[in-house]
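# Remarks on the overall topology
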Amino acid sequence: MPKWEHIAGLLGLITLIVGHYLGLFWAPPERMMGDVGRLFYVHVPVAMFAMLVFCVAFVGALGYLLTSRMEADWLNEAAIEVGVVMNVLLLMLGSIWGKPTWGVWWTWDPRLTSATVMLLTFVGVILLRQATQSPEKRATWSAVATVLAFVNVPVTYMSVKWWRSIHQMQSTPETVSEPMVFVFRVNLLAMALLMTWFIARRWRIAKHRAMAEAPAPLPPAPQVTS
Amino acid sequence: MTPLLAQGTGMIQGGWEFVWAGYGLTWLIFGGYAISLIVRSPTGGDLS
Amino acid sequence: MNVIRQTFEVLRKELLVEWRSPARVSGLFFFALAMLLMVAFASPTEGILRTQAGGTLWISLLLASTRSMDQSWSTEMEHGAAEGMLLWPVEPVAIYYGKALANTAILLAVTVAIFPLMVGLYDVPVRGDLSMLAAIAVMGCAALAAPGTLYGLITAQARGASVLLPLLMFPLVVPALLAASRGTMVVIEGDPMLQGSSWLSLLVAFNAIHWSLSGLFFGRVLEDG
Amino acid sequence: MEAGSAWMLTGPNGSGKSTMLRCMATSLKPHRGHILVDGTDLWENRQTLRAEIAYLGHELHVWDDLSPRQNLQAWNRLGRFEVDVDALLERVNLEPHRDHPVRAMSAGMKRRLGLARLLLKKPRLALLDEPFGALDPEGRELVLDVIRELRTSGTTIALATHLPRIGAQACTHGLALEAGQLLWAGTASGLLERLP
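Residues numbered from 1 in each chain as written. Chains lettered and ligands numbered in written order. Predicted model: local features only at pLDDT ≥ 70, side-chain atom pairs only at ≥ 80, totals over all residues. Heavy atoms only, no water.

## Description of the overall build of chain B
Within chain B, the secondary structure is distributed over one helix and zero strands. Every one of the 48 residues in chain B was classed for burial, and the buried ones make up 31%. When the accessible surface of chain B is totalled, it reaches about 2700 Å², and 71% of it is carbon and sulfur. (Helix = DSSP H or I, 4+ residues; strand = E, 2+ residues; numbered from the N terminus. Buried < 20%, exposed > 50% of the residue type's maximum accessible area, 1.4 Å probe, protein only. Areas by Shrake-Rupley, 256 points an atom, 1.4 Å probe, with all protein chains shown as cover.)

## Looking at the pattern of salt bridges
On inspection of all chains with the given rule, the structure shows 31 salt bridges over all chains. For R24 of chain C, the salt bridge is made with D65 of chain D, and the minimal N-O distance between the two is 3.5 Å. Linking R24 of chain C in helix α2 (residues 22-42) with D65 of chain D in the loop between β4 (53-56) and α3 (68-79), this pair reaches from one chain into another. Residue class for D65 of chain D comes out buried when judged on its relative accessible area of 9%. When salt bridges with common partners are traced through the structure, they connect D73, E77, E81, R129, R202 and R209 of chain A together with R40 of chain B into a single cluster. (Salt bridge = Lys/Arg side-chain N within 4 Å of Asp/Glu carboxyl O.)

## Focus: the sheet that holds strand β1 (residues 6-10) of chain D
Residues and elements named next belong to chain D. Read across the sheet, six strands follow the order β4-β5-β6-β1-β7-β8 without closing on themselves; strand pairing throughout is mixed. Strand pairing shows two members of the sheet lacking a second neighbour, β4 and β8 (181-187), which therefore form its edges. The average angle at which neighbouring strand axes cross in this sheet is 15°, direction not considered. Packing of helix α5 (residues 107-120) onto the sheet brings it into contact with β4 and β5 (125-129), and relative to β4 it is tilted by some 180°. Against the sheet, helix α6 (residues 137-152) touches β1, β5 and β6 (156-160), its axis set at about 150° to β6. (Pairing = 2+ DSSP bridges. Axes fitted to C-alpha atoms, helices over the stretch in contact; angles between N-to-C directions. Contact = heavy atoms within 4.5 Å.)

## Brief notes about the nonpolar core
Within the largest apolar cluster, 193 residues are counted, with the highest numbers of intra-cluster contacts made by M86, M195 and F198 of chain A together with F30 of chain B. Apart from residues lying up to four places away in sequence, F198 of chain A is in contact with V82 of chain A together with F30, Y33, A34 and L37 of chain B. Among the nonpolar cores identified, the runner-up in size contains 16 residues, and L87 of chain C together with L49, Y55 and L125 of chain D belong to it. (Core = buried A, V, L, I, M, F, W, Y, C linked by side-chain atoms within 4.5 Å.)

## Looking at the confidence of the model for chain B
A residue-level look at chain B finds 60% of positions with pLDDT of 70 or above and a mean pLDDT of 74. Contacts of residues 1-8 of chain B to residues separated by more than four positions or lying in other chains number twelve contacts, the stretch itself having pLDDT below 50. (pLDDT = per-residue confidence, 0-100.)

## What to know about helix α4 (residues 110-130) of chain A
Here α4 of chain A spans 30 Å end to end across 21 residues, near enough to the 30 Å set by a 1.5 Å rise per residue. The N-terminus of α4 of chain A is capped by D109 of chain A, whose side-chain oxygen sits 3.0 Å from the backbone nitrogen of R111 of chain A. (Expected span 1.5 Å × (residues − 1). Polar contact = N/O pair within 3.5 Å; in protein donor to acceptor, adjacent residues only side chain to side chain.)

## Side note on the packing of aromatic side chains
Residue and element names in this part refer to chain C. Taken as a whole and assessed by the stated rule, the structure comprises 24 aromatic pairs over all chains. Taken together, a centroid distance of 5.1 Å and an interplanar angle of 70° make the contact between Y96 and Y97 edge-to-face. Feature note: the residues W73, Y96, Y97, W211 and F218 constitute an aromatic cluster, connected by ring pairs. Between the NZ or CZ atom of K99 and the centre of the ring of W73, over which it lies, the distance is 4.6 Å. (Phe/Tyr/Trp six-rings, centres within 6.5 Å; stacked < 30°, edge-to-face > 60°. Lys NZ or Arg CZ within 6 Å of the ring centre and 35° of its normal.)

## Comments concerning the packing of helix α6 (residues 92-121) of chain C against helix α7 (residues 130-156) of chain C
Residue and element names in this part refer to chain C. Between α6 and α7, the shortest axis-to-axis distance is 8 Å and the interhelical angle comes to 135°. Between α6 and α7, the angle is such that the two are oblique. Handedness of the α6/α7 crossing: right-handed. Of the residues in α7, those touching α6 at Y96, K99, A100, N103, T104, L107, L108, T111 and F115 are L133, A137, V138, C141, A142, L144, A145, A146, T149 and L150. Of the residues in the contact of α6 with α7, the class split is 14 nonpolar, four polar and one charged. (Parallel < 35°, antiparallel > 145°, perpendicular 65-115°, else oblique. Left-handed = near helix turned anticlockwise from the far one by under 90°. Nonpolar A, V, L, I, M, F, W, Y, C, P; charged D, E, K, R; others polar.)

See below:
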């Protein structure tokens, strides 16, 4: 049985513990936001990897559309689920960070809004996957919906930006010092390793389920008598 | 809850409860998802 | 070209079906009208209705469009005519563009019928450029029809289609809904800063992306269905 | 299968008759194996070969809201066939119903419309799935007539039926299927003799 992803997962767990320790106790308070700025080390890596995991789903979708190989569909399925988990976490973290800095749990900021729309889209894809039994149909539909959703993300971002520009814009000061960059990188590495484990495990579940529901192979054709 | 806006120094003071909530939530969700992956994995709880 | 001719024939067939069963288009109209009335009942003051008019109009059209896409594909699935066209053979691209154009036309007809009623019911003073408004209406309807026609085919074959279609369509058309609502509103209000054209260009970009991508994928979805 | 021959598929429900016809119609992709047409793979070349295959399945491929005449005209235009639709309607005996919506017609009438739709095409291969279902004796005679006519114009025919005695009147060959397996192949009259 393959174990390579467990090595990544274990390393990811250790790196995450180190990264969070550094973020909480070692890194200096942020210049503008003080200790609240420590949320940077969880929030930004999660945001970046939520996007990156959806990129993986996009690659899986394109792969399926081009090659019709089920492995690509399993990758799509795995990455969408992991991406949705990351996206939910991202929105909650954004909300937690927004309260002390902006004074509100929620604001119609372009990033927040397009992240929410992205979550809704991919939840739709998961529900679509569950609405059919046929593996080929499921794979095609999911791939098409993933590509459309993915292409739509920048358009949504732009449209929300224009929509908000008529009211007011929120600016987040990003003043980053040397030790902060180091802590940030440690946390990015942790996230990369953990995502590898998540996607790989979820891929195996998809593969196993596909094998279980595949029809038994037909017996060899008999000789025809006439 | 009062917003911890900039006071004098230009730096937001306090707010450790938000930091703990953020880091804790990350562990909670990653842990929960990891457990769900292990439970659903083809070999059951066995991770090989 | 054969594809263009077939697109035209599919469009012609679609419009003939709508013409033979006028209850469907008028049903969409009354659905959208009922939405306008319901929003009015749910609003605390009449002033809100006026400022919300653009958004309410497009939300009504969006909801009506999900019904329309459902119907458009249920007639096609009833006796397997969609598969019949594929095997005839009709180019899948022609089936998609024919149906999407027909759906755009139907939505546009509902828009034309509902708009004066909204202006009257919500007491909206129309000061802006009507040709700009018409352009936004056309582009907005096309933007709803493009993903709707593709997802309508998918959800027509899925379990729980009636809830899946809006679920898939709504997040996808957020940019179009924003642009159409804001665009309609600023044009109605007179548009001194000429924001209408930037909303219109967003709609044009959305349409360009979705009309081409959906056309590209449609054949694959129909073939695997 | 040589041109102008007619093959009759028989077998109990679920034996794979319809699946086989759907694969030949390129409505289904074969899970295993290939169907060859003149030495080339049918599924790989489906875009061009579909123009030469006509298929009448359980689904009639018609629009409920249109009349038979409008249906046939639409299919006629979509395929650029230029067939005289009114003469065709007369042939399948739908002339009195030609302007009523299909929705209001009986099952037998709808089958006749499906048959008329098949005749718009000039196929090299015609596939008929249970063509006698829901039809009265006169309608069955019409189907047999159509099969004979298609054969004389060089069309190869495959039809699936659980009424082999009727089918054999117009077919040359017979195949018996069971549970996805070919049990017996030979002439249509030979198949009839082997039936209980």
